[in-house]
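# Structural overview
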Amino acid sequence: MKKYRRALITGATSGIGAAFASHLIRSTDLLLAGRDAEKLEITRNELIRRGRKVETFAADLTDESAVNELVDRADAFGIDLLINNAGIGQFGRLIDHERDTERDTAMLNVVAVVVLTRGLLPGIIERAGKANERGGVVIVSSTAAFAPVPFFATYAASKAFSLYFTEALAEELRGDPVDILALCPGATKTGFSARAGLDRISVPGAADPGAVAREALDALGNKTVQVTGLLSQATLGPFLVPRRLVTGALAAAVRYFNARQS
């Protein structure tokens, strides 16, 4: 696992986000973002005992003004690693959900990811270049990104967006000192299922969030997409190589036509 100086983790108080923090605190100062100020403070107190600097940012990232404020805070903190982990989704028919619930899913899973990534990448790249190192961006997608999922329509579509966004971004920034990774976890032992309305459904073989976070950090810089979970890897792995070839070919085509127009 590569070492980073400072990292921002969204959704940092539980599940995969908390696991990222636990792994990184050994060598990295952390800025933790989440909705619950009390949980953030508890998490901070647990981590700060390891001797690293830990700061918190309590805000609802479905609010774009809060996202912009977090960009400023993280840029001032001097991050060289961004982990876009926060995400929500609701199981059931779209028309049975409140409009605000679906809006919040799109705002957090899509808009916040784009705004944070666009806002923080220039600083990450600049700092990495000056230090002759490499920065990193991890965007947590899902195995739900690989197909339309009825009764999880907005969530799956938002994760498909984050997957395609990450793959395209990795190709765009191939020549820059930054590594980009889409993490696509399969079933994982987190509180997401209960929050999504799936608390009565038990998925056998669900992965430990610590193992998922570790796999992602090990993969960062070595690949663009990391699928976790034995079943997920076996099912989806064969589709990943052709996708990388397609991404490279599309990038070459766009560059060619852009050059001709110039």
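The rules behind the values
- Residues numbered from 1 in each chain as written.
- Predicted model: local features only at pLDDT ≥ 70, side-chain atom pairs only at ≥ 80, totals over all residues.
- Heavy atoms only, no water.
- Helix = DSSP H or I, 4+ residues; strand = E, 2+ residues; numbered from the N terminus.
- Buried < 20%, exposed > 50% of the residue type's maximum accessible area, 1.4 Å probe, protein only.
- Contact = heavy atoms within 4.5 Å.
- Areas by Shrake-Rupley, 256 points an atom, 1.4 Å probe, with all protein chains shown as cover.
- Pairing = 2+ DSSP bridges.
- Axes fitted to C-alpha atoms, helices over the stretch in contact; angles between N-to-C directions.
- Parallel < 35°, antiparallel > 145°, perpendicular 65-115°, else oblique.
- Left-handed = near helix turned anticlockwise from the far one by under 90°.

## Focus: the overall build of the protein chain
Broken down by element type, the protein chain carries nine helices and seven strands. Expressed as a percentage of the 262 residues in the protein chain, the buried residues total 47%. In the protein chain, the proportion of contacts linking residues at least 24 apart, taken out of those at least 6 apart, comes to 70%. Of the roughly 13,200 Å² of accessible surface on the protein chain, 54% is carried by carbon and sulfur atoms.

## Thoughts on the environment of Pro122
Mapping Pro122 onto the fold places it in helix α4 (residues 99-130). A residue is classified by how much of its surface remains accessible, and Pro122, at 42% relative accessible area, is partly exposed. Separated by 47 residues in sequence, Pro122 and Asp75 have C-alpha atoms that sit 9.4 Å apart.

## What to know about the sheet that holds strand β3 (residues 54-58)
Strand order in this open sheet of seven strands is β3-β2-β1-β4-β5-β6-β7, and the pairing throughout is parallel. This sheet does not close on itself; its edge strands, each paired only once, are β3 and β7 (225-228). On average, each strand axis in the sheet is inclined to that of its neighbour by 15 degrees, with strand direction left out of account. Note: strand β4 (residues 81-84) against strand β5 (residues 135-140), four bridges, orientation parallel. Counted as the bridge partner of Leu81 is Gly136 from β5. Where helix α2 (residues 37-48) meets the sheet, its contacts fall on β2 (29-34) and β3, and the angle it forms with β3 comes to roughly 170 degrees.

## Observations concerning the packing of helix α3 (residues 64-77) against α4
Two elements in contact, α3 and α4, have axes whose closest approach is 10 Å; the angle formed by their N-to-C orientations is 20 degrees. In terms of their interaxial angle, α3 and α4 are classed as roughly parallel. Every pair of crossing elements has a handedness; the one defined by α3 and α4 is right-handed. Taking contact as the criterion, the partners of Glu64, Val67, Asn68, Leu70, Val71, Ala74 and Asp75 in α3 are, on α4, Met107, Val111, Ala112, Val115, Leu116, Gly119, Leu120, Gly123 and Arg127.

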